[in-house]
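Coordinate analysis (summary)
The residues making up each chain are set out below.
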Amino acid sequence: MDMIFSSSAALLSARNGITSQVGLFWQQTKAPLIAPLLRIVLFVCLALSFMLFVERLYMGIVIAFIKLLRRKPEKKYKWESMKKDDLELGNSSYPMVLVQIPMYNEKEVYQLSIGAACNLSWPANRIFIQVLDDSTDPAIKALVEQECRRWASKGVNIKYEIRDNRKGYKAGALREGMKHSYVKLCSHVAIFDADFQPEPDFLERAIPFLVHNPEIGLVQARWEFVNADECLMTRMQEMSLGYHFTVEQEVGSAIHAFFGFNGTAGVWRMSALNEAGGWKDRTTVEDMDLAVRAGLNGWKFVYVCDLKVKNELPSTFKAYRYQQHRWSCGPANLFRKMAKEIATNKKVSVWKKFYLIYSFFFVRKIIAHIVTFVLYCVVMPATVFVPEVQVPKWGAIYIPSAITILNVLGSPRSMYLVVYWILFENVMSLHRTKATFVGLFESGRVNEWIVTEKLGDALKTKVSSKTSRKLRFRVGERVHLLELFVGLYLWFCGWYDFSFGKSRFHVYLFLQAAAFFVVGFGYVGVFVPNS
């Protein structure tokens, strides 16, 4: 018995000794080493945060003037409806339009997109509908081909095109589609992803900008989400994308006549597309790549906020995470590849080059992702252990609050969800930051392309019948270790601040930790409709 007690005492003494040594090492290195390093990192993060704030404030002021002055594209550029029923001209006043619909195993939505494209109000002899099917499932390919034949039997000029490989993914499919002989007859090309459903008057509203203004190379419509109210995750997505479409695209169009092509729901002038070098698959953002090259050639872009095209938001967290990786990695990688080309371009003004490099790429595509995670989820929580490093109120409260208010302007109906949105966006900033570094350093998954899962008609069943839901439980999908690790870090910081700190910073830390735990354990985007 005495030997057991003596062994326990020795073990306890050893543990206390190790704890004392760790504590002594921390105290000896905190002031001379850790505090100065943390102070430097905090200063850099606050400077980047201020740059992001200035960018958001600038765009907020510009969009306010645009709305107050009611500066619509139809007033800035010449716009006249296409002539109809002209006995002399017939349909010759209508330009030839190619409509491309790239798809890959789109069983749930192929009928929606093909049907919407075939119902576009445009003379039948002045339009080609081109379905670019990269599907690898023979059954789905047969269904898509059958659907194309069904519309062809109704007199629609529809072409079903396939290829024997998926090289270049979407960009490769679009590039191959442009090689067909009938494409040479077309002066404009409209592009719709497989889940997009344009209204019949889409071309009648978009094409006149290109017909009457030879300097315009692209007309972009706004996305309208059919499943925004499906769950909290889709509402969060709507809030984030609402700012992009309500503010970023509008300001870019009004001030610089440039913005990033969204890859779908847009119409290109064929000559602008070809002059820019066509579709390239060097990054996962082939749409932005094309837009930047065309912009550097002097072409102007028009964003029509009132022209909306219905589409679907990712309904599962897995799909959303893959999409965000592609959308964050691609721009960073494109910036790496094109920064020098933009800087040395002689066809556009210095002001436009500065806008592209600093505002469009550096602040929005690099800083916005990195500073959100590093500052609010790593550096600021770490300051609870180093009281010598103080986060100023303007950096911890005022600037984040101002940025948040400016961000949610695009979705006023969801203003009451702003706290959930902040917590969710901070969680997603982990993946966006990781993807941004992957793109900048061209490592790992830099060229990973995973098609976003779509539910289409299954989504309607899901919304109309709440009782038909089941919980998908797969350990590989449900448990996300990286989120759990960050959640534990934030929880520990919160506990330390609650126990030993003098501020109330732990309130935020516990809430943010909870958000990471919720996502980490897979309780976001896991409900799917019964098949």
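Residues numbered from 1 in each chain as written. Predicted model: local features only at pLDDT ≥ 70, side-chain atom pairs only at ≥ 80, totals over all residues. Heavy atoms only, no water.

This part is about the nonpolar core. Residues V99, I114, F202, L203, W268 and V292 are the most contacted members of the largest nonpolar core, which totals 95 residues. Looking at this core element by element, the count peaks at seven residues for strand β7 (residues 300–311). Among the nonpolar cores identified, the runner-up in size contains 48 residues, and M239, F424, L490 and C493 belong to it. (Core = buried A, V, L, I, M, F, W, Y, C linked by side-chain atoms within 4.5 Å. Buried < 20%, exposed > 50% of the residue type's maximum accessible area, 1.4 Å probe, protein only. Helix = DSSP H or I, 4+ residues; strand = E, 2+ residues; numbered from the N terminus.)

Another point: the sheet that holds strand β5 (residues 216–225). Pairing in this open sheet of seven strands is mixed, and the strands run β3-β2-β1-β4-β6-β5-β7 from one edge to the other. If you trace the sheet from one side to the other, it starts and ends with β3 (158–162) and β7, each paired once. Within this sheet the neighbouring strands show an average axis-to-axis angle of 20°, counted without direction. Relative to strand β4 (residues 188–191), strand β1 (residues 97–103) runs parallel, the two being bridged by four bridges. If you follow Q100 over to β4, its bridge partner there is I191. (Pairing = 2+ DSSP bridges. Axes fitted to C-alpha atoms, helices over the stretch in contact; angles between N-to-C directions.)

Turning our attention to the UniProt feature "transmembrane region" (unreviewed entry) in the protein. When the UniProt feature table is mapped to this numbering, "transmembrane region" (unreviewed entry) covers residues 40–66, 355–376, 396–424, 479–499 and 505–528. Helix makes up 100% of residues 40–66 and strand 0%. Its end C-alpha atoms lie 39 Å apart. (UniProt positions renumbered as here; feature names shortened; annotations may be inferred.)

Quick look at a nonpolar patch on the surface now. Nonpolar side chains collect at one region of the surface, where W491, F492, W495, F498, F500 and F510 lie side by side and expose about 640 Å² of accessible area between them. The biggest single contributor to the nonpolar patch is helix α16 (residues 481–500), with five residues. Checked against the element boundaries, F498 lands in helix α16. F498 sits in the exposed class, given a relative accessible area of 56%. (Patch = residues over 30% accessible without salt bridge, like charges linked within 9 Å, V, L, I, M, F, W, Y side chains within 5 Å. Areas by Shrake-Rupley, 256 points an atom, 1.4 Å probe, with all protein chains shown as cover. Salt bridge = Lys/Arg side-chain N within 4 Å of Asp/Glu carboxyl O.)

Next up on the list: the confidence of the model for the protein. Chain-level pLDDT for the protein is 88 on average; 87% of the residues reach the 70-or-more range. A low-confidence stretch, residues 461–476 (pLDDT under 50), is modelled with 28 contacts involving residues beyond four sequence positions or located in other chains. Segment residues 527–531: pLDDT under 50, and 17 contacts once partners within four positions in sequence are set aside and those in other chains are kept. (pLDDT = per-residue confidence, 0-100. Contact = heavy atoms within 4.5 Å.)

Another aspect to go through is the packing of aromatic side chains. Think of a pair of aromatic rings as described by two things: how far the centres are apart, and how the planes are tilted against each other in angle. Counting across every chain of the model gives 25 aromatic pairs. On the numbers, 5.2 Å between centres and 75° between planes, the contact of F196 with W223 is edge-to-face. Highlighted residues: F196 in the loop between β4 and α6 (202–212) and W223 in strand β5, separated in sequence by 27 residues. Of the residues examined, F196 reaches a relative accessible area of 2% and is grouped as buried. Ring centres 5.7 Å apart and planes at 25° place the aromatic pair F492 and W495 in the stacked group. Taken together, the positions of F492 and W495, both in helix α16 and three residues apart, correspond to about one turn of that helix. For W495, a relative accessible area of 35% translates into the label partly exposed. (Phe/Tyr/Trp six-rings, centres within 6.5 Å; stacked < 30°, edge-to-face > 60°.)

Pairs can form between side chains of opposite charge whenever their charged atoms are close. Inspection of the entire model under this criterion finds 18 salt bridges. Where D193 meets K170, a salt bridge forms, and the shortest distance between an N and an O atom there is 2.8 Å. Of this pair, D193 sits in the loop between β4 and α6 while K170 sits in helix α5 (residues 169–177), and the two are 23 residues apart along the sequence. The class for K170 is buried, based on a relative accessible area of 11%. D281 serves as the salt-bridge partner of R175, at 3.3 Å between the closest nitrogen and oxygen. Within this pair, whereas R175 is found in helix α5, its partner D281 is found in the loop between α8 (270–275) and α9 (286–296), the two being separated by 106 residues in sequence.

We now examine the packing of helix α13 (residues 418–441) against helix α17 (residues 505–520). Relative to each other, α13 and α17 sit at 60°, their axes nearing to 9 Å. The handedness of the crossing between α13 and α17 is right-handed. Across the interface between the two elements, I422, L423, N426, V427 and L430 of α13 pack against Y508, L511, Q512, A515, F516 and V519 of α17. Looking at the contact of α13 with α17, its residues break down into nine nonpolar, two polar and no charged. (Left-handed = near helix turned anticlockwise from the far one by under 90°. Nonpolar A, V, L, I, M, F, W, Y, C, P; charged D, E, K, R; others polar.)

The buried fraction of α6 is high, at eight of 11 residues. For α6, every residue scored as buried is listed here: F202, L203, E204, A206, I207, P208, F209 and L210.

All right, on to the side chain of R163 then. Along the chain, R163 turns up in the loop between β3 and α5. Separated by 2.7 Å, the side chains of R163 and D134 make a polar contact. A polar atom in the side chain of R163 sits 2.8 Å from the backbone oxygen of K167. In contact with R163, other than residues within four places in its own chain, are D133, D134, Y169, G172, A173 and E176. (Polar contact = N/O pair within 3.5 Å; in protein donor to acceptor, adjacent residues only side chain to side chain.)

Moving on: the environment of L296. Examined against the element boundaries, L296 turns out to sit in helix α9. Overall, L296 belongs to the buried group, its relative accessible area being 2%. Each residue touching L296, except ones within four places of it in the same chain, is listed here: M338, E341, I342, N345, K347, V348 and L356.

Take the environment of V109 next. With respect to the helices, strands and loops of the structure, V109 is situated in the loop between β1 and α3 (110–118). The class for V109 is buried, based on a relative accessible area of 2%. When the C-alpha positions of V109 and D193 are compared, they lie 9.9 Å apart, and in sequence the two are 84 residues distant.

Another point: the pairing of β1. Within β1, seven of the seven residues are buried, which leaves it mostly tucked inside the rest of the structure. The two faces of β1 match: V97, V99, I101 and M103 on one face and L98, Q100 and P102 on the other face are all buried. Strand direction decides the pairing type here: β1 and strand β2 (residues 127–133), joined by seven bridges, are parallel. Note on β2: the bridge partner recorded for Q100 is Q130. Handedness of the β1-α3-β2 crossover: right-handed. (Right-handed = clockwise from strand over helix to strand, strands pointing away.)

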